Amino acid sequence: MFSAKADEIIKTLKKEYPETKYYLKFSNPLQLMVATILSAQCRDNVVNSVTAKLFQKYKTASDFTKLKEEDIKSITFFNNKAKSIREASKLVIKKFGGKVPDRMEDLVTLPGVGRKTANAILINAFDKVVGIVVDTHVIRVAYRLGLTKNTNPEKIEKDLMAAVPKAEWKRITWLMKDHGRAVCRAPAPICSKCVLSRICPKNGVTK
Ligand code: SF4
(Lines give C-alpha, C1' and ligand atoms only; values in the text may rest on other atoms or scores of the structure.)
Protein backbone atom coordinates (compact mmCIF):
# COMPACT_ATOMS: atom_id res chain seq x y z
CA MET A 1 0.00 0.00 0.00
CA PHE A 2 1.44 3.36 -1.01
CA SER A 3 1.95 5.86 1.73
CA ALA A 4 0.21 9.24 1.76
CA LYS A 5 3.24 10.64 3.48
CA ALA A 6 5.59 9.40 0.72
CA ASP A 7 3.21 10.98 -1.77
CA GLU A 8 3.38 14.34 -0.01
CA ILE A 9 7.16 14.13 0.26
CA ILE A 10 7.50 13.45 -3.46
CA LYS A 11 5.10 16.25 -4.44
CA THR A 12 6.95 18.71 -2.19
CA LEU A 13 10.39 17.69 -3.41
CA LYS A 14 9.29 17.85 -7.06
CA LYS A 15 8.26 21.48 -6.50
CA GLU A 16 11.52 22.21 -4.70
CA TYR A 17 13.77 20.53 -7.29
CA PRO A 18 11.90 20.85 -10.61
CA GLU A 19 15.09 20.36 -12.63
CA THR A 20 16.11 17.14 -10.90
CA LYS A 21 17.87 14.67 -13.15
CA TYR A 22 20.35 11.81 -13.22
CA TYR A 23 23.76 12.95 -12.11
CA LEU A 24 26.32 10.81 -14.01
CA LYS A 25 27.17 11.60 -17.63
CA PHE A 26 27.10 8.75 -20.16
CA SER A 27 26.09 7.98 -23.74
CA ASN A 28 25.60 4.20 -23.66
CA PRO A 29 25.17 1.34 -21.15
CA LEU A 30 28.89 0.49 -21.14
CA GLN A 31 29.81 4.06 -20.22
CA LEU A 32 27.19 4.02 -17.47
CA MET A 33 28.52 0.71 -16.11
CA VAL A 34 31.99 2.25 -15.90
CA ALA A 35 30.73 5.54 -14.40
CA THR A 36 28.63 3.80 -11.75
CA ILE A 37 31.54 1.57 -10.70
CA LEU A 38 33.72 4.68 -10.40
CA SER A 39 31.06 6.57 -8.44
CA ALA A 40 31.09 4.41 -5.27
CA GLN A 41 32.15 6.74 -2.44
CA CYS A 42 33.28 9.35 -4.94
CA ARG A 43 31.71 12.70 -5.82
CA ASP A 44 29.69 12.79 -9.04
CA ASN A 45 31.47 15.89 -10.33
CA VAL A 46 34.84 14.13 -9.93
CA VAL A 47 33.49 11.07 -11.79
CA ASN A 48 32.03 13.23 -14.58
CA SER A 49 35.26 15.12 -15.00
CA VAL A 50 37.32 11.88 -15.20
CA THR A 51 34.91 10.12 -17.56
CA ALA A 52 34.81 13.11 -19.94
CA LYS A 53 38.41 12.25 -20.88
CA LEU A 54 38.18 8.51 -20.24
CA PHE A 55 35.34 7.96 -22.72
CA GLN A 56 37.36 9.66 -25.47
CA LYS A 57 40.15 7.14 -24.98
CA TYR A 58 38.24 3.93 -24.17
CA LYS A 59 35.24 3.13 -26.36
CA THR A 60 34.48 -0.61 -26.25
CA ALA A 61 34.36 -3.33 -23.60
CA SER A 62 37.58 -4.64 -25.13
CA ASP A 63 39.22 -1.21 -24.57
CA PHE A 64 38.14 -1.26 -20.92
CA THR A 65 39.73 -4.69 -20.36
CA LYS A 66 43.00 -2.76 -20.69
CA LEU A 67 42.05 0.17 -18.47
CA LYS A 68 45.12 1.79 -16.91
CA GLU A 69 45.00 2.91 -13.27
CA GLU A 70 46.68 6.19 -14.18
CA ASP A 71 43.64 7.18 -16.27
CA ILE A 72 41.37 7.15 -13.23
CA LYS A 73 43.81 8.05 -10.47
CA SER A 74 41.79 11.00 -9.13
CA ILE A 75 38.95 8.58 -8.25
CA THR A 76 38.72 7.11 -4.75
CA PHE A 77 39.94 3.49 -4.55
CA PHE A 78 41.08 3.72 -8.16
CA ASN A 79 43.15 0.52 -8.01
CA ASN A 80 40.23 -1.66 -6.97
CA LYS A 81 37.85 0.11 -9.32
CA ALA A 82 40.21 -0.28 -12.30
CA LYS A 83 40.37 -3.99 -11.55
CA SER A 84 36.57 -4.25 -11.29
CA ILE A 85 36.12 -2.42 -14.60
CA ARG A 86 38.66 -4.63 -16.38
CA GLU A 87 37.09 -7.81 -14.97
CA ALA A 88 33.51 -6.65 -15.60
CA SER A 89 34.43 -5.78 -19.20
CA LYS A 90 35.99 -9.21 -19.71
CA LEU A 91 32.79 -10.83 -18.47
CA VAL A 92 30.65 -8.56 -20.66
CA ILE A 93 32.63 -9.86 -23.65
CA LYS A 94 32.72 -13.49 -22.56
CA LYS A 95 29.13 -13.91 -21.38
CA PHE A 96 27.15 -11.15 -23.05
CA GLY A 97 28.67 -10.66 -26.50
CA GLY A 98 30.35 -7.36 -25.63
CA LYS A 99 27.09 -5.67 -24.57
CA VAL A 100 26.18 -4.73 -21.02
CA PRO A 101 23.21 -6.96 -20.10
CA ASP A 102 19.80 -5.48 -19.32
CA ARG A 103 18.64 -7.92 -16.63
CA MET A 104 19.22 -7.54 -12.90
CA GLU A 105 20.26 -11.17 -12.46
CA ASP A 106 22.96 -10.79 -15.14
CA LEU A 107 24.19 -7.36 -14.05
CA VAL A 108 24.86 -8.43 -10.46
CA THR A 109 27.24 -11.14 -11.73
CA LEU A 110 29.62 -8.43 -12.97
CA PRO A 111 32.52 -7.49 -10.65
CA GLY A 112 31.94 -4.14 -8.95
CA VAL A 113 28.22 -4.23 -9.73
CA GLY A 114 25.86 -4.72 -6.76
CA ARG A 115 22.12 -4.18 -6.67
CA LYS A 116 22.43 -0.39 -6.36
CA THR A 117 24.68 -0.12 -9.42
CA ALA A 118 22.56 -2.62 -11.36
CA ASN A 119 19.43 -0.59 -10.60
CA ALA A 120 21.18 2.60 -11.74
CA ILE A 121 22.20 0.95 -15.04
CA LEU A 122 18.77 -0.59 -15.66
CA ILE A 123 16.86 2.59 -14.86
CA ASN A 124 19.06 5.15 -16.55
CA ALA A 125 20.53 3.25 -19.51
CA PHE A 126 17.66 0.89 -20.36
CA ASP A 127 14.66 2.66 -18.83
CA LYS A 128 13.83 -0.61 -17.02
CA VAL A 129 12.57 0.09 -13.54
CA VAL A 130 12.65 -2.97 -11.29
CA GLY A 131 13.81 -1.29 -8.09
CA ILE A 132 15.03 1.92 -6.48
CA VAL A 133 18.64 3.10 -6.35
CA VAL A 134 19.49 3.40 -2.66
CA ASP A 135 22.64 5.46 -2.34
CA THR A 136 24.12 7.17 0.70
CA HIS A 137 21.75 10.17 0.40
CA VAL A 138 18.67 7.96 0.09
CA ILE A 139 19.76 5.90 3.11
CA ARG A 140 20.09 9.04 5.24
CA VAL A 141 17.12 11.07 4.00
CA ALA A 142 14.63 8.17 3.92
CA TYR A 143 15.57 7.24 7.48
CA ARG A 144 15.27 10.77 8.84
CA LEU A 145 11.93 11.21 7.10
CA GLY A 146 10.61 8.01 8.69
CA LEU A 147 10.07 6.22 5.36
CA THR A 148 12.15 3.34 6.72
CA LYS A 149 13.41 2.10 10.06
CA ASN A 150 16.14 0.10 8.36
CA THR A 151 19.75 0.97 7.66
CA ASN A 152 20.44 -1.93 5.29
CA PRO A 153 20.14 -0.66 1.67
CA GLU A 154 18.23 -3.70 0.39
CA LYS A 155 15.69 -3.45 3.20
CA ILE A 156 15.38 0.31 2.64
CA GLU A 157 14.75 -0.38 -1.05
CA LYS A 158 11.91 -2.78 -0.15
CA ASP A 159 10.39 -0.23 2.25
CA LEU A 160 10.52 2.50 -0.40
CA MET A 161 9.13 0.22 -3.10
CA ALA A 162 6.15 -0.46 -0.82
CA ALA A 163 5.61 3.23 0.02
CA VAL A 164 6.28 4.91 -3.32
CA PRO A 165 4.28 4.38 -6.55
CA LYS A 166 6.36 2.70 -9.28
CA ALA A 167 6.05 5.74 -11.52
CA GLU A 168 8.28 7.59 -9.03
CA TRP A 169 10.89 4.90 -8.37
CA LYS A 170 13.28 6.51 -10.83
CA ARG A 171 12.89 10.08 -9.62
CA ILE A 172 12.77 9.44 -5.86
CA THR A 173 16.52 8.78 -5.81
CA TRP A 174 17.32 11.99 -7.68
CA LEU A 175 15.00 14.04 -5.45
CA MET A 176 16.45 12.63 -2.23
CA LYS A 177 19.94 13.16 -3.54
CA ASP A 178 19.18 16.81 -4.37
CA HIS A 179 17.58 17.29 -0.96
CA GLY A 180 20.39 15.47 0.83
CA ARG A 181 22.97 17.72 -0.78
CA ALA A 182 21.11 20.99 -0.34
CA VAL A 183 19.39 20.70 3.04
CA CYS A 184 19.23 17.27 4.64
CA ARG A 185 22.98 17.11 4.82
CA ALA A 186 25.24 14.67 6.61
CA PRO A 187 26.03 15.08 9.40
CA ALA A 188 23.96 18.20 10.16
CA PRO A 189 20.63 18.77 8.38
CA ILE A 190 19.32 22.33 8.08
CA CYS A 191 15.82 21.49 9.36
CA SER A 192 14.93 25.17 9.90
CA LYS A 193 15.14 25.71 6.13
CA CYS A 194 13.56 22.42 5.06
CA VAL A 195 10.29 22.31 3.11
CA LEU A 196 9.55 18.94 4.74
CA SER A 197 10.14 20.05 8.32
CA ARG A 198 6.42 20.06 9.19
CA ILE A 199 5.92 16.39 8.32
CA CYS A 200 9.39 15.05 9.12
CA PRO A 201 9.97 13.14 12.39
CA LYS A 202 13.70 13.93 12.05
CA ASN A 203 14.64 10.42 13.09
CA GLY A 204 18.21 10.18 14.32
CA VAL A 205 18.73 13.95 14.15
CA THR A 206 20.31 15.03 17.41
CA LYS A 207 20.53 18.82 17.21
S1 SF4 B 1 13.32 18.26 8.43
FE2 SF4 B 1 15.53 17.99 8.75
S3 SF4 B 1 15.81 15.76 8.89
FE4 SF4 B 1 13.79 16.11 7.98
S5 SF4 B 1 14.14 16.06 5.77
FE6 SF4 B 1 14.27 18.18 6.41
S7 SF4 B 1 16.45 18.55 6.78
FE8 SF4 B 1 16.13 16.32 6.75
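This is a predicted model, so every value here is computed, not measured.

**So, the overall build of the protein**
Okay, so step 1: Counting secondary structure elements, the protein contains 10 helices and zero strands.
Okay, so step 2: The C-alpha radius of gyration computed for the protein amounts to 18 Å, which stays within 12% of the reference 17 Å derived for 207 residues, consistent with globular compactness.
Okay, so step 3: The C-alpha extent of the protein, read off along each of the three principal axes, is 50 × 35 × 30 Å.
Okay, so step 4: Going through the 207 residues of the protein one by one, you find that 46% of them count as buried.
Okay, so step 5: When the accessible surface of the protein is split by element, carbon and sulfur atoms take 52% of a total near 10900 Å².
Okay, so step 6: Across the protein, the mean location of the 39 positive side-chain charges is 3 Å away from that of the 20 negative side-chain charges.

**A word on the nonpolar core**
Okay, so step 1: Residues M33 and L54 are the most contacted members of the largest nonpolar core, which totals 65 residues.
Okay, so step 2: By residue number, the principal contributor to this core is helix α2 (residues 29–39), which donates seven residues.
Okay, so step 3: If near-sequence neighbours (up to four positions away) are discounted, M33 is found in contact with A88, S89, V92, V100, L110, V113 and I121.

**Quick word on helix α1 (residues 4–16)**
Okay, so step 1: Along its 13 residues, α1 runs 18 Å from first to last C-alpha, staying within 8% of the 18 Å computed at 1.5 Å per residue.
Okay, so step 2: Among all positions in α1, only A6, I9, I10 and L13 are buried. Axial view of α1: buried residues confined to an arc of 95°, hence all on one face. Summarising the geometry of α1, the exposed residues directed more than 90 degrees from the buried face are A4, K11 and K15.

**What to know about the domain arrangement of the protein**
Okay, so step 1: Entries for the protein in the domain assignment read domain 1 (4–20 + 132–199) and domain 2 (29–126).
Okay, so step 2: Once you take the C-alpha centre of each, domain 1 and domain 2 turn out to be 26 Å apart.
Okay, so step 3: Contacts between the two partners involve 10 residues from domain 1, matched on the other side by seven residues from domain 2.
Okay, so step 4: The contact between domain 1 and domain 2 buries some 700 Å² in all, and 52% of this surface belongs to carbon and sulfur atoms.
Okay, so step 5: Of all residues in domain 1, V133, E157 and K170 bury the most surface against domain 2, accounting for 52% of the area lost on that side.
Okay, so step 6: Linking domain 1 with domain 2 are three salt bridges, by the criterion used here.
Okay, so step 7: The shortest N-O distance in the salt bridge between R115 and E157 comes to 2.6 Å.
Okay, so step 8: For the side of domain 1 that touches domain 2, the secondary-structure elements that each account for two or more residues are α9 (153–163) and α10 (169–182).

**Focus: the pattern of salt bridges**
Okay, so step 1: In total, this model carries 15 salt bridges according to the counting rule given.
Okay, so step 2: Residue K170 pairs with D127 through a salt bridge whose shortest N-O separation is 3.1 Å. Here D127 lies in the loop between α7 (115–126) and α8 (136–144) and K170 lies in helix α10, a separation of 43 residues in the sequence.
Okay, so step 3: Overall, the relative accessible area of 27% leaves K170 in the partly exposed class.

**Let's talk about α7**
Okay, so step 1: Taking 1.5 Å per residue as the helical rise, α7 with its 12 residues ought to reach 16 Å, and the 15 Å between its terminal C-alpha atoms agrees with that figure.
Okay, so step 2: When α7 is considered as a whole, its buried residues turn out to be T117, A118, N119, A120, I121, L122, I123 and N124.
Okay, so step 3: Tucked inside the fold, the buried residues of α7 contact α2, α6 (104–107), α9 and α10.
Okay, so step 4: After α7 finishes, the residue D127 shows a positive phi value of roughly 55°.

**So, the site of the ligand**
Okay, so step 1: Taken together, R144, L145, H179, V183, C184, P189, C191, C194, S197, C200, K202 and V205 make up the full set of residues adjacent to the ligand.
Okay, so step 2: The residue inventory of the shell around the ligand, partitioned by class, reads eight nonpolar, two polar and two charged.

Definitions and limits used
- Residues numbered from 1 in each chain as written.
- Predicted model: local features only at pLDDT ≥ 70, side-chain atom pairs only at ≥ 80, totals over all residues.
- Heavy atoms only, no water.
- Helix = DSSP H or I, 4+ residues; strand = E, 2+ residues; numbered from the N terminus.
- Rg over C-alpha atoms; globule rule 2.2 N^0.38 Å.
- Buried < 20%, exposed > 50% of the residue type's maximum accessible area, 1.4 Å probe, protein only.
- Areas by Shrake-Rupley, 256 points an atom, 1.4 Å probe, with all protein chains shown as cover.
- Lys, Arg positive; Asp, Glu negative; His and termini not counted.
- Charge placed at Lys NZ, Arg CZ, Asp CG, Glu CD.
- Core = buried A, V, L, I, M, F, W, Y, C linked by side-chain atoms within 4.5 Å.
- Contact = heavy atoms within 4.5 Å.
- Expected span 1.5 Å × (residues − 1).
- Arc of directions from axis to C-beta.
- Domains from an automatic or database assignment.
- Buried area = accessible area lost by both parts, 1.4 Å probe.
- Salt bridge = Lys/Arg side-chain N within 4 Å of Asp/Glu carboxyl O.
- Near = heavy atom within 4 Å.
- Nonpolar A, V, L, I, M, F, W, Y, C, P; charged D, E, K, R; others polar.

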